[in-house]
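# Secondary and tertiary structure notes
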Amino acid sequence: MLIEHQSKRPNIDPTAYVAPTAVICGDVAIGPHTHVLFGAVIEAHGAPVRIGAQCVVRENLNIRSTSRNAVEIGDNVLIGPLCSLKGCIVADECFLATGVNQGAVIRRRTEVRIDGVVHVRSVLPPNSLVPIKWMAVGDPAEMFPPDKHEKIDAVLAKMNFAEEVYGLQRQSGIGVDMDMKKVTQREASGLADHRDDREL
């Protein structure tokens, strides 16, 4: 389903294939010979989404730009089922089986395996590998296994997740480190800009 958002229509190359149950919304460009499969949702929220040539976008995943971060995906990239890519840059010939967060940059011929995470503002150099369930954090990214929470948190504090994703200052203390009233208010207000979207 193609959806026009605020007069911005998706731009899909005629040689690309988009499955009938995929949703493409707003300022999205899909390059030649790229396949977007069933249940995929690709949405532009403020900044554009650009997907290159001969990519494979698997089933039931979400690719979304934000008001601050575009999504740029190079050529010959495979994005696996159930992935979540938000406001990030992915260079050519990458294999992604998992999540990539805002402001992250993944350089050429990098693989992020199942349940691996590339965190906010993290930068992976070319030919990197994020193992299953590991986390890449920092610029340049360091790799951490899932049992190293304290070390991951120390690096994340410098990356400032709250500011990058929600435009808020990180709060100290236990539990959630953000003002959730402000987070939910901003998110709900930003999502409301889709109320006037229409199917093409």
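This text goes with the structure placed above it.
Moving on, we come to the overall build of the protein. The helix and strand inventory of the protein stands at 3 helices and 24 strands. Scaling as 2.2 N^0.38, a compact globule of 200 residues should have a C-alpha radius of gyration of about 16 Å, and the protein matches this with 17 Å. Within the protein, the proportion of its 200 residues that are buried is 44%. Nonlocal contacts in the protein, meaning residues at least 24 apart in sequence, comprise 11% of its contacts between residues at least 6 apart. Put simply, the protein shows about 10200 Å² of open surface, and 52% of that area lies on carbon and sulfur atoms.

Right, let's talk about the side chain of N62 for a bit. The topology assignment puts N62 in strand β10 (residues 62-64). A polar side-chain atom of N62 sits 2.7 Å from a polar atom in the side chain of K86.

Before going further, it helps to spend a moment on the layout of surface pockets. Estimated volume of the second largest pocket: approximately 280 Å³. Lining of the second largest pocket is provided by 14 residues; of these, H149, D153, L156, R170 and D177 occupy positions nearest its centre. Of all the elements, helix α1 (residues 149-159) adds the most residues to the lining of the second largest pocket, at 4 residues. Grouping the amino acids of the lining of the second largest pocket by side-chain chemistry returns 5 nonpolar, 6 polar and 3 charged.

With that out of the way, let us pick up the sheet that holds strand β11 (residues 71-73). Read from one edge of the open sheet, 7 strands run β2-β5-β8-β11-β14-β17-β20, paired in parallel fashion. Two strands lie at the open edges of the sheet, namely β2 (11-12) and β20 (123-124), each paired on one side alone. Examined bridge by bridge, β2 and strand β5 (residues 28-30) share 2 bridges and lie parallel to one another. Residue pairing for β5: I12 is matched across the bridge by I30.

It is worth spelling out the pairing of strand β23 (residues 141-144) at this point. Here strand β22 (residues 135-138) runs beside β23; their pairing, made up of 4 bridges, is antiparallel. By the bridge assignment, V137 is partnered in β23 with E142. Hairpin connection of β22 to β23: 2 residues between the antiparallel strands.

Thresholds, definitions, all that
- Residues numbered from 1 in each chain as written.
- Predicted model: local features only at pLDDT ≥ 70, side-chain atom pairs only at ≥ 80, totals over all residues.
- Heavy atoms only, no water.
- Helix = DSSP H or I, 4+ residues; strand = E, 2+ residues; numbered from the N terminus.
- Rg over C-alpha atoms; globule rule 2.2 N^0.38 Å.
- Buried < 20%, exposed > 50% of the residue type's maximum accessible area, 1.4 Å probe, protein only.
- Contact = heavy atoms within 4.5 Å.
- Areas by Shrake-Rupley, 256 points an atom, 1.4 Å probe, with all protein chains shown as cover.
- Polar contact = N/O pair within 3.5 Å; in protein donor to acceptor, adjacent residues only side chain to side chain.
- 1 Å grid on protein atoms, 1.4 Å probe; cavity = no way out; pocket = protein on both sides within 12 Å on 5 of 7 lines; lining within 4 Å.
- Points joined across faces, edges and corners; volume = space filled by probe spheres on them.
- Nonpolar A, V, L, I, M, F, W, Y, C, P; charged D, E, K, R; others polar.
- Pairing = 2+ DSSP bridges.

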